[in-house]
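An overview of the molecular structure
Chain by chain, the residues:
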Amino acid sequence: MEFSFARRDIVRLLKQPSRSICGITDQTEDQFDNLEKHTQWGIDVLEKYIKFVKERAEIELSYAKQLRNLSKKYQPKKNSKEEEEYRYTSTKAFLATLNEINDYAGQHEVISENMTSLITGELTRYVQELKQERKSHFHDGRKAQQHIETCWKQLEASKRRFERDCKEADRAQQYFEKMDADINVTKADVEKARQQAQLRHQMAEDSKAEYSSTLQKFNSEQHDHYYTHIPNIFQKIQEMEERRIVRIGESMKTFAEVDRQVIPIIGKCLDEITKAAESVDHKSDSQMVIEAFKSGFEPPGDIDFEDFTQPMKRTISESSLSNSRGDGKSEPKFGSKSKGKLWPFIKKNKGAGPEDFSNLPPEQRRKKLQQKVDELNRDIQKEMDQRDALTKMKDVYIKNPQMGDAASVDHRLAELGQNIEKLRLEVQKFEGWLAEVEGRLPPRNEQARRQSGLYEAQNTSAVNSCAQDRESSPDGSYTEEQSQETEMKVPATDFDDEFDDEEPLPTIGTCKALYTFEGQNEGTISVAEGEMLYVIEEDKGDGWTRIRRNEDEEGYVPTSYVEVYLDKNAKGAMTYI
């Protein structure tokens, strides 16, 4: 009877309804699945926007490149007739428009660069961080789910063990009562059944205590799970998703700001184009055309009436007309005006004109002479640069004889000096004609103009001296010494003309560079020590050998810098003795 209360208590505990967590757990699992799908969709939207901005940046960059190519295409070419045309206000305005279009293209490059750095780059890094954060949150959620499920399984096991021990204790108690009521059972068997019932009862009490402890622990874990852990995880996921939404909104605002930042500069470019257009002056352009093509001639005067009713006058007129047509020396007299005054009706001579451009109107002649003087001065400067370079090379050869023979440069230096002197004489001659046109010197006849040309005077002095010698000689004989001396004053050189060969010269051998040579002058070529090259022209006594590296690179190098191997079978090859 002493165990009846405990047995009823256990039975009452076993009959209490147990709380199931399976349904709630499944619902939580479903919520995690829904959130996982939604957050993945948010990341996909962000990546789609990144791709959109990237393609927009590529379009801006391509547009800028096309604008730059367009501006470059219509820019005037240097040292061409096109460049001269850009002195008019209309063409200057067009050139300013091209420059502003180039700056306009630069702003689109800025848009592309800012979109790439401020939006595409930043969002790409943010997406990577977002994926890691999302993975961490859902990992914590799965871990919490697994933990509560493990606690539930432990509670179920403890409950089943408690239930089993209670049933065993009840059976042991019933067996003891049966043995105790049976008079045929020995006292020892009754004592044994009593001890067994007590043991089972103790095991049931232990299971009860364990089940109670596990139940309390589970309830605590379950409370923390549903009121702390899961809400915190959901809160973090919500904050993560809200940050993503805010970030994509800020990126869209930046997208607009990137365009808005360049609007003032683009507006300034457009203002400059408008300003250039407003600077177009038709009067100024017309005046420039007049200045460019005015001849300086006065308009022809009235032609006097010729009376052919009188035979004498008609005879005179016909004879003068026939003489003018026959020999072309006498001009028909139209009153006091000469034929040269009828310049608007005279056809231009398409052949080569005189050297002093005397066939052109005064203003055009002045411009041509000025251009010729400038061209000759540039040629003089070019020759002087070559002479200075060779002088420096000669000094190097003198200080370092192993690098080359200094005497090999003397011939070329003498040629350059003669060329410079000849060009200076040409400059003086054209400057004299230019001074005559500009009115700085009084007009002279053809004989005086010929005598004023120093270069021509040098050539004619030799002929005049020969004639004087011939007249002064008693026997009328003369020698060629002075003529030869005159010809030796300005010897002709083909050095510079050899660079203009249109047909490539054949290879006559090979050569090996003994030293490194930096070809800085026009017509020379740089070689490295030990380099093998082709010989296309031998040294003609001036200390230079013409070589070729490939089809596009050829030039002269000092002969002392290379070791030449001539092909005896090559056309034009010479054999050294």
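Only a predicted model underlies this, so the values are computations on that prediction, with no experimental measurement involved.

1. Some details on the overall build of the protein chain
Helix and strand content of the protein chain: twelve helices and five strands. A total of 577 residues make up the protein chain; the buried ones form 29% of that total. Taking the contacts inside the protein chain whose residues are at least 6 apart along the sequence as the reference set, 74% of them involve residues at least 24 apart. For the protein chain, the exposed surface amounts to about 38500 Å²; the carbon and sulfur share of it is 52%.

2. As for the nonpolar core
Of all hydrophobic cores here, the largest spans 29 residues; its most connected members are Leu46, Tyr49, Met115 and Ile119. At the level of secondary structure, the elements contributing two or more residues to this core comprise helix H2 (22-73), helix H4 (89-181) and helix H5 (187-278). Counting residues per element, this core draws most heavily on H4, which supplies eleven residues. Residues within four places of Met115 in sequence aside, it is in contact with Val53, Arg56, Ala57, Thr120, Phe255, Val258 and Asp259. Listed in part, the 21 residues of the second largest apolar core include Leu390, Val409, Leu413 and Leu533.

3. Observations concerning H5
Taking 1.5 Å per residue, 92 residues should reach 136 Å; H5 reaches 133 Å between its end C-alpha atoms and fits that length. Along H5, the helix axis deviates most sharply at His225, where the bend reaches about 45°.

4. What to know about the packing of aromatic side chains
Tallied over the full model, the rule gives twelve aromatic pairs. Taking 5.5 Å as the distance between ring centres and 50° as the angle between the ring planes, the aromatic pair formed by Trp152 and Phe218 counts as tilted. Residue Trp152 is found in helix H4, and its partner Phe218 is found in helix H5; the two are separated by 66 residues along the sequence. Residues Trp152 and Phe218 agree in their burial class; the two are buried.

5. Quick word on the sheet that holds strand E1 (residues 509-513)
What the five strands build is an open sheet, ordered E4-E3-E2-E1-E5; its pairing is antiparallel. Each of the sheet's edge strands pairs with one partner strand only, and the pair in question is strand E4 (554-558) and strand E5 (562-566). If you compare each strand with its neighbour and ignore which way they point, the axes differ by 40° on average. Pairing of E1 with strand E2 (residues 532-537) involves four bridges; the strand directions are antiparallel. Residue pairing in the sheet places Cys511 in a bridge with Leu533 of E2.

6. Points about the packing of H4 against H5
Contact pair H4 / H5: the axes reach a minimum separation of 7 Å and the direction vectors enclose 170°. Compared by their axis directions, H4 and H5 come out roughly antiparallel.

7. Describing H4
Along its 93 residues, H4 runs 136 Å from first to last C-alpha, staying within 8% of the 138 Å computed at 1.5 Å per residue. Its maximal kink placed at Thr116, H4 deviates by approximately 35°.

8. With respect to the pattern of salt bridges
Evaluation of the coordinates by the stated rule reveals 26 salt bridges. Between Arg56 and Glu60 there is a salt bridge whose closest N-O contact spans 2.8 Å. Separated by four residues within a single helix, Arg56 and Glu60 lie in helix H2, roughly one turn from each other. The residues Arg56 and Glu60 share a single accessibility class, namely buried. In this structure, Glu415 engages Arg412 in a salt bridge whose closest nitrogen and oxygen atoms are separated by 3.2 Å. Within this pair, Glu415 and its partner Arg412 are both found in helix H9 (residues 410-438), separated by three residues, close to a single helical turn. Judged by its relative accessible area of 14%, Glu415 falls in the buried class.

9. Concerning the environment of Leu46
Topologically, Leu46 is positioned in helix H2. For Leu46 and Tyr126, which are 80 residues apart along the polypeptide, the C-alpha to C-alpha distance reads 9.6 Å. Discounting chain neighbours no more than four positions away, the residues touching Leu46 are Leu123, Tyr126, Val127, Leu130, Arg244 and Ile248.

10. Some words on the side chain of Thr545
Checked against the element boundaries, Thr545 lands in strand E3 (residues 544-548). One polar contact links Thr545 to Thr559, side chain to side chain, over a distance of 2.9 Å. Beyond its immediate sequence surroundings of up to four residues, Thr545 is in contact with Val535, Glu537, Asp539, Gly555, Tyr556, Val557 and Thr559.

11. Focus on the pairing of E3
A large share of E3 lies buried, amounting to five of its five residues. Of the two faces of E3, the one lined by Trp544, Arg546 and Arg548 and the one lined by Thr545 and Ile547 are each fully buried. With three bridges connecting them, E2 and E3 associate as antiparallel partners. Paired with Tyr534 across the two strands is Arg548, which belongs to E3. Direction of pairing for E3 relative to E4: antiparallel, over a ladder of five bridges. If you follow Thr545 over to E4, its bridge partner there is Val557. Joining the antiparallel neighbours E3 and E4 is a turn of five residues.

12. Let's talk about the environment of Glu58
Topologically, Glu58 is positioned in helix H2. Of the residues examined, Glu58 reaches a relative accessible area of 47% and is grouped as partly exposed. Each C-alpha atom of the pair Glu58 and Thr116 lies 9.2 Å from the other, and the pair is 58 residues apart in sequence.

Cut-off values and rules
- Note on numbering: residues in each chain are counted from 1, in written sequence order.
- Where local features are concerned, this predicted model is filtered to residues with pLDDT of at least 70; where side-chain atom pairs are given and counted, the filter is 80 or more; whole-chain, interface and lining totals use all residues.
- To get the side-chain values, all heavy atoms of the structure are used, and hydrogens and water are removed first.
- Here a helix means four or more residues in a row that DSSP labels H or I, a strand means two or more in a row labelled E, and each is numbered from the N terminus.
- Throughout, exposure labels follow a simple rule: accessible area from a 1.4 Å probe, protein chains only, divided by the maximum for the residue type, with under 20% read as buried, over 50% as exposed, and the rest as partly exposed.
- Working rule for contacts: check all heavy atoms of both residues, and any pair within 4.5 Å makes them a contact.
- Surface exposure here means Shrake-Rupley accessible area, sampled with a 1.4 Å probe, where a residue is shielded only by the protein chains that are shown.
- Residues grouped as a nonpolar core are buried Ala, Val, Leu, Ile, Met, Phe, Trp, Tyr and Cys residues, joined through side-chain atoms within 4.5 Å.
- Under the convention used throughout, the expected extent of a helix is 1.5 Å for every residue step, that is, one less than its residue count.
- Bend, at a single residue, is the angle you get between axes fitted to the 7 residues ending at that residue and the 7 residues starting at it.
- In this scheme Phe, Tyr and Trp rings, the latter by its six-membered ring, pair at centre separations within 6.5 Å, and the angle between planes marks the pair as stacked below 30 degrees, edge-to-face above 60, and tilted otherwise.
- The pairing criterion is simple: DSSP has to find at least two bridges between the two strands.
- For helices, the axis comes from a line fit to the C-alpha atoms of the stretch in contact; other axes are also lines fit to C-alpha atoms, and the angle between any two N-to-C directions lies between 0 and 180 degrees.
- Should an angle lie under 35 degrees it is considered roughly parallel, over 145 roughly antiparallel, and from 65 to 115 roughly perpendicular; all remaining angles are considered oblique.
- By salt bridge we mean one thing: a side-chain nitrogen of Lys or Arg within 4 Å of a carboxyl oxygen of Asp or Glu.
- Counted as a polar contact is a pair of N or O atoms within 3.5 Å, where, for protein atoms, one must be capable of donating a hydrogen and the other of accepting one, and residues adjacent in sequence contribute only when both atoms are in side chains.

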